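# Structural description and commentary
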Amino acid sequence: MLTNWAIAYRLDPNLVRALAWMESGYQPGLVSSAGARGVLQILPGTRHYVQTILIGHKVPNSTSGNIRIGVAYLRQLLREFGWSHKRALAAWYQGPNSLRRHGQLPVTKQFVANVLALRTRGV
């Protein structure tokens, strides 16, 4: 499903898989203490934004639906940050507004480096 949605949104499947591994270890049932859910750990507010603004309709609350939400959001971040993988991943982790205001925090830099290393390894 990760690869299928990555291809559907014209993203690098290796990048999407690396992000999913970093976020959840590919565990679809994972729920964080902040309420982020699924393989890509989508927060409820992000889900609402993607459904309302980016996709324009409700997406099933399923593994495939959650992956679609995450991939659509990642594509938006890539577009918003000039197709820079580093900046889009930083915005994913830290939040786009925080990234613009404060630059990458040290923990964000480590997250981005880890995702890109996983991508290179083809996880």
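Structure: above.
In what follows, the accompanying structure is described. (Residues numbered from 1 in each chain as written. Predicted model: local features only at pLDDT ≥ 70, side-chain atom pairs only at ≥ 80, totals over all residues. Heavy atoms only, no water.)

### Overview of the packing of aromatic side chains
The cut-off we apply is this: Note on ring pairs: Phe, Tyr and Trp rings are taken, using the six-membered ring of Trp, and paired if centres are within 6.5 Å. Classes follow the plane angle, with under 30 degrees stacked, over 60 edge-to-face and the rest tilted. We count a stretch as a helix when DSSP gives it H or I for four or more residues in a row; a strand needs E for two or more, and each element gets its number in order from the N terminus.
Enumeration over the complete set of coordinates arrives at five aromatic pairs. Seen in terms of ring centroids, Tyr49 and Tyr73 are 6.2 Å apart; in terms of plane orientation they differ by 85°. Their pairing is edge-to-face. Of this pair, Tyr49 sits in helix H3 (residues 44-55) while Tyr73 sits in helix H4 (residues 63-80), and the two are 24 residues apart along the sequence.

### A closer look at the nonpolar core
As a reminder of what qualifies: Throughout, nonpolar core names a set of buried Ala, Val, Leu, Ile, Met, Phe, Trp, Tyr and Cys residues whose side chains join them through atoms within 4.5 Å. Partly exposed residues are those whose accessible area sits between 20% and 50% of the maximum for their type, while under 20% is buried and over 50% is exposed, using a 1.4 Å probe and protein chains only. Two residues qualify as a contact provided that any one of their heavy atoms is within 4.5 Å of a heavy atom in the partner residue.
Among the nonpolar cores identified, the biggest contains 35 residues, and Leu19, Leu74, Leu89 and Trp92 are the most heavily contacted of them. Secondary structure elements with two or more residues in this core: helix H1 (2-8), helix H2 (13-24), H3, H4, helix H5 (85-94) and helix H7 (106-121). Here the element with the most residues in this core is H4; it accounts for eight residues. Among all residues touching Leu89, those that are not within four sequence positions of it are Leu15, Leu19, Leu74, Phe111, Val112, Val115 and Leu116.

### Concerning the layout of surface pockets
It is the rolling of a water-molecule-sized probe over the atoms that shows where space remains empty. Keep this limit in mind: Site definitions follow a grid-based scheme: protein atoms alone, a 1 Å grid, a 1.4 Å probe that fits but cannot get out for cavities, and for pockets an open set with protein on both sides within 12 Å along at least five of seven lines, plus lining residues having an atom within 4 Å of a point. Grid points are joined across faces, edges and corners, and a volume is the space filled by probe spheres set on the points. For this classification, the nonpolar set comprises Ala, Val, Leu, Ile, Met, Phe, Trp, Tyr, Cys and Pro, the charged set comprises Asp, Glu, Lys and Arg, and every other residue, Gly included, is treated as polar.
Here the largest pocket defines a volume of roughly 260 Å³. Residue lining of the largest pocket: 15 residues in total, with Gln41, Leu43, Thr46, Trp92 and Tyr93 positioned closest to the centre. Tallying contributions element by element places H5 first for the lining of the largest pocket, with three residues. Counted by class, the lining of the largest pocket contains 10 nonpolar, four polar and one charged residues.

### Observations regarding unusual backbone geometry
Look at Tyr26: it is not a glycine, yet its phi comes out positive at around 65°. Structurally, Tyr26 is set in the loop between H2 and H3. The backbone phi angle of Trp83 is positive, close to 65°, even though this residue is not glycine. Tracing the chain through its elements places Trp83 in the loop between H4 and H5. Looking at Trp83, the relative accessible area reads 45%, which means it is partly exposed.

### Looking at the environment of His102
Within the element layout of this structure, His102 appears in helix H6 (residues 96-102). Accessibility expressed as a relative area gives 55% for His102, which makes it exposed. Sequence-wise, His102 and Val31 are 71 residues apart; in three dimensions their C-alpha atoms are separated by 28 Å.

### Points about H2
What counts is decided by this rule: Each helix should span, by expectation, one fewer than its residue count multiplied by 1.5 Å.
Over its 12 residues, H2 runs 16 Å from end to end, which matches the ideal 16 Å to within 8%, given 1.5 Å per residue. Within H2, burial applies to Leu15, Val16, Ala18, Leu19, Ala20 and Ser24. Elements in contact with the buried residues of H2: H1, H4, H5 and H7.

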